[in-house]
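# Architecture at a glance
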Amino acid sequence: MDSGRAGAVTRQALALQCRCSQPPARRGGGDVWVTALSPGVAHPSFPPPPPAPSPPPAFLALCCWESNTTGPIQLLLLQGEQTPAQELGSRWTGWGGPLSSLSLPLLEVQVPSAMRLSWGLLLLLAALALEWMAAARCPAPCVCDNLHAHVLCLNGSLTTIPTTIPQLTKKLNLRGNSFMVIPAGAFLATPYLTHLDLQRCKVERLEEGAFRGLGRLVYLNLASNGIAVLYQESLDGLSSLQQLILEGNRIEEIQPGAFGHLGSLIVLDLRANALVYLPDMVFQGLQVLRWLQLSHNTLHVLGSEAFAALPALRRLSLDHNELQALPGEALARLDGATWLDLGHNPITYVAEEALAMASLQHLFLDHASLQDVAPDAFARSPQLRTLDLRENQLQGLPPLAGAGGLVRLSLAGNPLLCSCLLRPFRDWLARSRVQAEGACAAPPALRGRPLDSLRPPEMRCGRPQPPPSSAVPLEQPRAAGSGQCPQGCTCSPEFHHGSCENRDLQEIPQGFPRDTRLLDLRRNAFGTVPPGAFPGLKELVSLHLQSCGIEALRPGALRGLQSLVYLYLANNRLSTLVATAFEGAPRLAYLDLDHNAFTSLPAGAFQLLPNLISLRLQHNAIGELAEGDLTGAGGLRWLYLAGNAIGHIAPAALAPTKVLEKLHLEGNHLVEVPTAALWGLPTLSELKLSQNPIKQLGDGVFLPVASSLQHLYLDNMGLEQISAGAFAGLGPKIRSLYLESNKMSNIPDMRNFTGLEILNLRNVPFHCDCQLLPLRRWIDKLNLRVGATCGSPAEAQGLKVKFSTTFQTCPGWGQGKAGGASPDKAASKPSKKKRSGKSPARGFKKSRA
């Protein structure tokens, strides 16, 4: 028999002759007995075992006995799952030679002699025996598919990794549990795993050696957890891993050598974390990595050697960060990269020869703050073919002489001034045959005209004007580092980083190098931050003061920190703040005050922070939002207030935040939607009200933000009723709607929600009668997985709404089918791929996925 086929997953049958040292136990006369035998750890020598690392094949043997014989009359050998067994001491002989001794459990079934013993019956008995033995090892809350070696333990209450998962499992999905910590050696009992999914498991820490023993694992998904630090040995043992997903955690630190054991990794996803800087050689060991995703962090500083250890990298995503200049020195180490995304960064200028990437073909600089691009900016990237400069502040461009191979250039959304000053650029486009997208914003006579339709005589200058954005920003002279470092602290001059973390310090140390950009003082015992606590640190960008027992931030505490952008004060004892505490830090944009002792918002404290973008006050004890609390926060875009005790929001409380985009209020004490407070928020796109005790949604509760809202979270509220007009005004702009784990039995007409990408209706007890027929028809037309299930009547309980037959007796059912809402009709059309996966709330571009 071919050994390759014997190692396949599908069952195969092989007729053998078998001899037992002893006949079976005494049986009744005239009957046929079937003995099912399944091996334990030992495996037969025929067929030969496949080469490592494949697991040894497992077999089930059937011997058929007649009561008047002393030996078997038939043996059926089936490939199946391996299970623990007891030693019977039998020895078998096959067509290919002797078989080694087996450890076999015994399962006997009596078959009346009158019944014809067919091959089909033998196969059925074999399958039943396999299923019985495999089920005995499947953990109680899980589902085990032993034929394909898959185990699913989804959305349960597991707090530890199950210990009885079948040893030969290849794919293990533990999504939606509550593990908190993955201990060392957690998966030693499942060494054949190739795929492991730990999404949304509330994991906060990976202990050193957590994945040791998983040398065959190729895919590991740790997305949407709470991991803050990647330690040096956290990922040890994953020598075959090819794809690692860490998106949606809160990683702010990657220790040196964290990826040193991942020599086979091809894709690394670090999107949507809390990374502020990347030190030199942080990705050392990733010799074959081809795609590195760093989008949606808060990266501000990149070490010059941050990407030096990535010789095979082809694609780098750095969009949606806080890079204020193009990190040319760091990017110059990527000789083989062909795709670079730097969109959505506050980059204002691209200087001469700023980008030296020999293989770069596609560059995205869209939605930045570009005001000018030097003529030779891309001269050292000769392979550049596509350049995306959409949605910037460019009034014009010079001829890009250095981009000789450019094929496509996008300038849509820029305020282009199509005067005589733009003629050289227009002539260069024509000569180089570059396909350009964009339209004139001025003069009025040419407004809206596409660039490729302009003729030189039309591009006039009424009076002499300076060229747009002609002045090249001059670099500020950098203060030289002093070379000093406070005693007991560490300073890294290569990437301007100082650290005194967890030194049990009572006072804030001084004397750091003057060019320090990131200062980590976490886990000390300062108590207070006195005035002028950080002298001479004019270039400091990021300051970490988490878990320091701080009770007061004195007036003038941040004096002199004129470059400070990020301030982390989480896990302290602050209960109040005064505005003068932030005096001298006008550029502060990100303020983290989570897990403190605030009982109310520190009214007026943000008046001296005109550039504040993100304010985090989660998990405090705030009881209400009063008028005047957010005075001065006119530029605030993201406000996080989850996990407080907010029961009331004054109508004018949010009035100062006119450009607010995200408002997170989940886990508070609101009993109704704060409709009055939502007026005057014309840009609000994301609203989270999850886990508030809101039982009813009245008419028009979201009307104030209906024109801008895209993501609405109403899950886990105990919601009992949604009025027919609750979603009035909402419609095509809504991209995600979360209604899972509520108590309503019906929802209003939602046919206007034509732009949905995510709709979650799981764990809602829908009453599947004729009143629900419109929802049923609408779900039929959606190309989404919604999870809607019937809670009643009894005959439909537990069935998917989409497949319940209770609607077939409703008036107009046939007409609805004729209208194209039936599954049969939908099945006749080519279907698009189901949309699922990550929430669009993070704003990922599909064209770059």
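Before any of the text, the structure's been laid out above.
Residues numbered from 1 in each chain as written. Predicted model: local features only at pLDDT ≥ 70, side-chain atom pairs only at ≥ 80, totals over all residues. Heavy atoms only, no water.

Turning our attention to the state of the cysteines. Under the definition given, this model contains 7 disulfides. The side chain of Cys-485 participates in a disulfide bridge whose partner is Cys-491; the two sulfur atoms lie 2.1 Å from each other. Because the torsion about its S-S bond is 80 degrees, the bridge between Cys-485 and Cys-491 counts as right-handed. Classification of Cys-491 as partly exposed rests on a relative accessible area of 24%. Disulfide partner of Cys-768: Cys-790, at an S-S distance of 1.9 Å. Disulfide Cys-768-Cys-790: the torsion about the S-S bond is -95 degrees, which places it as left-handed. With Cys-768 in the loop between strand E52 (765-767) and helix H6 (773-781) and Cys-790 in strand E53 (residues 789-792), this residue pair connects regions lying 22 residues apart in the sequence. (Disulfide = S-S within 2.5 Å. Buried < 20%, exposed > 50% of the residue type's maximum accessible area, 1.4 Å probe, protein only. Helix = DSSP H or I, 4+ residues; strand = E, 2+ residues; numbered from the N terminus.)

Looking now at unusual backbone geometry. Cis geometry marks the peptide bond from Ala-442 to Pro-443, where omega comes out at -5 degrees. Counting through the fold element by element, Pro-443 comes out in the loop between strand E32 (440-442) and strand E33 (490-492). Note that the residue after Ser-792, namely Pro-793, is joined by a cis bond; omega there is -5 degrees. Even without a glycine there, the phi angle at Arg-200 is positive, about 50 degrees. If you trace the backbone, Arg-200 turns up in the loop between strand E13 (195-197) and strand E14 (205-206). The residue His-296 is not glycine, and still its phi comes out positive at about 60 degrees. Within the secondary structure, His-296 sits in the loop between strand E21 (291-293) and strand E22 (301-302). Using a relative accessible area of 15% as the deciding quantity, one classes His-296 as buried.

All of the buried residues along helix H4 (residues 423-432) are Phe-425, Trp-428 and Leu-429. Summarising the axial view, the buried residues of H4 lie within an arc of 100 degrees, below the 170-degree limit, and thus occupy one face. Next to the buried residues of H4 lie strand E29 (408-410) and strand E31 (435-437). The positive-phi residue at the C-terminal boundary of H4 is Arg-433, with phi of around 55 degrees. (Arc of directions from axis to C-beta. Contact = heavy atoms within 4.5 Å.)

On to the environment of Leu-310. With respect to the helices, strands and loops of the structure, Leu-310 is situated in the loop between E22 and strand E23 (315-317). On the accessibility criterion, Leu-310 (2% relative accessible area) is buried. With residues near it in sequence (within four places) discarded, Leu-310 still touches Phe-283, Leu-286, Leu-289, Leu-292 and Leu-334.

Time to look at the nonpolar core. One broad rule of soluble globular proteins: the nonpolar side chains tend to lie buried together. Phe-534, Leu-543 and Phe-702 are the most contacted members of the largest nonpolar core, which totals 105 residues. Every element with two or more residues in this core is listed here: helix H5 (675-678) and H6. Ranked by residue count, the leading element in this core is H6, at 4 residues. Once residues lying within four places of it in the same chain are set aside, the contact partners of Phe-702 are Val-673, Leu-687, Leu-689, Leu-697, Leu-712, Leu-714, Ala-726, Phe-727 and Leu-730. The next biggest cluster of nonpolar side chains, apart from the first, holds 103 residues, and it includes Ile-182, Leu-270, Leu-294 and Leu-394. (Core = buried A, V, L, I, M, F, W, Y, C linked by side-chain atoms within 4.5 Å.)

A few words now on the environment of Glu-686. Mapping Glu-686 onto the fold places it in strand E46 (residues 686-688). A relative accessible area of 4% means that Glu-686 is categorised as buried. As for Glu-686 and Leu-712, which are separated by 26 residues in sequence, their C-alpha atoms are 6.1 Å apart. Within the local environment of Glu-686, its side chain forms a polar contact with the side chain of His-664, the two groups lying 2.6 Å apart. (Polar contact = N/O pair within 3.5 Å; in protein donor to acceptor, adjacent residues only side chain to side chain.)

Counted according to the given criterion, the structure contains 10 aromatic pairs. Considering the side-chain rings of Trp-339 and Phe-364, the 4.9 Å spacing of their centres and the 40 degrees angle between planes classify their relative orientation as tilted. Residue Trp-339 is located in strand E24 (residues 339-341), and its partner Phe-364 is located in strand E26 (residues 362-364); the two are separated by 25 residues in the primary sequence. In this pair, the class of Trp-339 matches that of Phe-364, namely buried. Considering the side-chain rings of Phe-727 and Phe-753, the 5.7 Å spacing of their centres and the 70 degrees angle between planes classify their relative orientation as edge-to-face. Residue Phe-727 is found in the loop between strand E49 (721-722) and strand E50 (736-738), and its partner Phe-753 is found in the loop between E50 and strand E51 (758-760); the two are separated by 26 residues along the sequence. (Phe/Tyr/Trp six-rings, centres within 6.5 Å; stacked < 30°, edge-to-face > 60°.)

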